[in-house]
Amino acid sequence: MTPRVIVVTSGKGGVGKTTATANIAAALALLGNKVVAVDGDVGLRNLDVIMGLENRIVYTLVDAIEGNCRLNQTLIKDKRVDNLFMIPTAQSKTKDAVTSDQMVSVCSELRKDFDFVLIDSPAGIESGFRNASAGADEALVITTPEVSAVRDADRIIGLLESMEKSPIFLIVNRIRPQMVKKGDMLGVSDVLDILQIGLIGMVPDDENVVKSANEGKPLTLGDGAQAAVAFKNIAARITGKDIPFMNLEVPKKGFFARIKDAFGGGR
Amino acid sequence: MSIKSIISGIFGSSGTHSKDVPSGQTAKDRLAFILVHDRIDIGPGKMDQMRLDIIEVLKKYFEINESQIELKLENEEGSTALLATIPINSVLGRSGKTARRGCSSRN
């Protein structure tokens, strides 16, 4: 299989790029692919914390680029799943510590060893984003159903197109079906109407995402949580499987769900 | 076991982690640790390397038990201190056992 290098980006900050990167990377690895997630956010790294690998950092991407170590010394193997790796970046450097050209050569080196290289891009449209995206062929754009996020997604999609990334797919994150039903939140179809881009996933707003970040365990490494299912579906679609989209309609509660709620155990 | 946990056990909890420590507390503990390292720009991996280097030096002078050496970073009143507890079994080149609770150093 041809190695694929995919940048995960959004324009707006705080919409879930790092969470998506960690969860999709883990889900792709669970599907049997050899995957590396690369933190492209020099100076504000967080992929290590979200994946729970922060204690194992010895060398960073910047160390490899500065010649302090080899690239393969920066790889941290995730012990919870086979074939999942992470490359951390430096926390104490700035965006220009990694140039576009350097990123391109890092990516081409990683292509030799991995099926998937996922790059967690920084927010914004400046050099940090451009450098992080330089080595990628494809892009995943994350947005939430909010006007500011959708507007910024539109901007970033334009930039990605001008950089000739293809395909570019959209993930709509943090959907609150109750609000959409009431008409108080943009629905996925509204977002797609506006952005005119292919959809690859819809992720419900799920408090398990916060808990998994607290503990440094990507949700897709467990099961059950709705968001985990959504991210696993995205990973499967990335590998070319035709998975129907999740039903995010507000569910009618059954008898057991109501009992569970009565005891406070429902989520 | 609480009624709640029995119920969610029976019906299957959709939660990811049902350990005793709430994840918010885990988040706080992890962050405290992460930020100490971020602020001095030395990660846990580098700390391990430093530990090995320190042990190499100490071995020239003392007989020590490596597994008993404790190195940790602590934040006190806005400054960071490296606290080291190094029990010494004996001083090399001298007879008899010297004692116990060793160097505690601060930067």
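Report on the accompanying structure. Given the structure is predicted, the values throughout are model-derived calculations rather than measurements.

## With respect to the environment of proline 167 of chain A
All names here are of chain A.
Turning to step 1, where the next piece is worked out: Looking at where proline 167 falls in the secondary structure, it is placed in the loop between helix H6 (147–162) and strand E7 (168–175).
Turning to step 2, where the next piece is worked out: Looking at proline 167, the relative accessible area reads 32%, which means it is partly exposed.
Turning to step 3, where the next piece is worked out: Taking the C-alpha atoms as reference points, proline 167 and isoleucine 197, separated by 30 residues in sequence, lie 9.7 Å from one another.
Turning to step 4, where the next piece is worked out: Setting aside residues no more than four positions away along its own chain, proline 167 makes contact with Glu138 and Ala139.

## Side note on the nonpolar core
Residues and elements named next belong to chain A.
Turning to step 1, where the next piece is worked out: One finds Ile24, Val38, Leu110, Ile119 and Ile238 to be the most contacted residues of the largest nonpolar core, which totals 86 residues.
Turning to step 2, where the next piece is worked out: Among the elements that make up this core, the one with the highest residue count is helix H1 (residues 17–30) (8 residues).
Turning to step 3, where the next piece is worked out: If sequence neighbours within four positions are ignored, isoleucine 24 has contacts with Leu118, Leu140, Ile171, Phe231, Ile234, Ala235 and Ile238.

## Focus on the pattern of salt bridges
Turning to step 1, where the next piece is worked out: Inspection of every chain in the model, using the stated rule, returns 13 salt bridges over all chains.
Turning to step 2, where the next piece is worked out: Salt-bridge contacts for arginine 45 of chain A lead to aspartate 48 of chain A; the nearest nitrogen and oxygen are separated by 3.3 Å. Here arginine 45 of chain A and aspartate 48 of chain A have matching classes, each one buried.
Turning to step 3, where the next piece is worked out: Between aspartate 137 of chain A and arginine 111 of chain A there is a salt bridge, with the nearest N and O atoms lying 3.0 Å from each other. Of this pair, aspartate 137 of chain A sits in the loop between helix H5 (127–133) and strand E6 (138–143) while arginine 111 of chain A sits in helix H4 (residues 100–111), and the two are 26 residues apart along the sequence.
Turning to step 4, where the next piece is worked out: With a relative accessible area of 27%, aspartate 137 of chain A lands in the partly exposed category.
Turning to step 5, where the next piece is worked out: Salt bridges here are not isolated pairs; linked through shared partners, they connect Glu56, Lys59 and Glu66 of chain B.

Rules of the game
- Residues numbered from 1 in each chain as written.
- Chains lettered and ligands numbered in written order.
- Predicted model: local features only at pLDDT ≥ 70, side-chain atom pairs only at ≥ 80, totals over all residues.
- Heavy atoms only, no water.
- Helix = DSSP H or I, 4+ residues; strand = E, 2+ residues; numbered from the N terminus.
- Buried < 20%, exposed > 50% of the residue type's maximum accessible area, 1.4 Å probe, protein only.
- Contact = heavy atoms within 4.5 Å.
- Core = buried A, V, L, I, M, F, W, Y, C linked by side-chain atoms within 4.5 Å.
- Salt bridge = Lys/Arg side-chain N within 4 Å of Asp/Glu carboxyl O.

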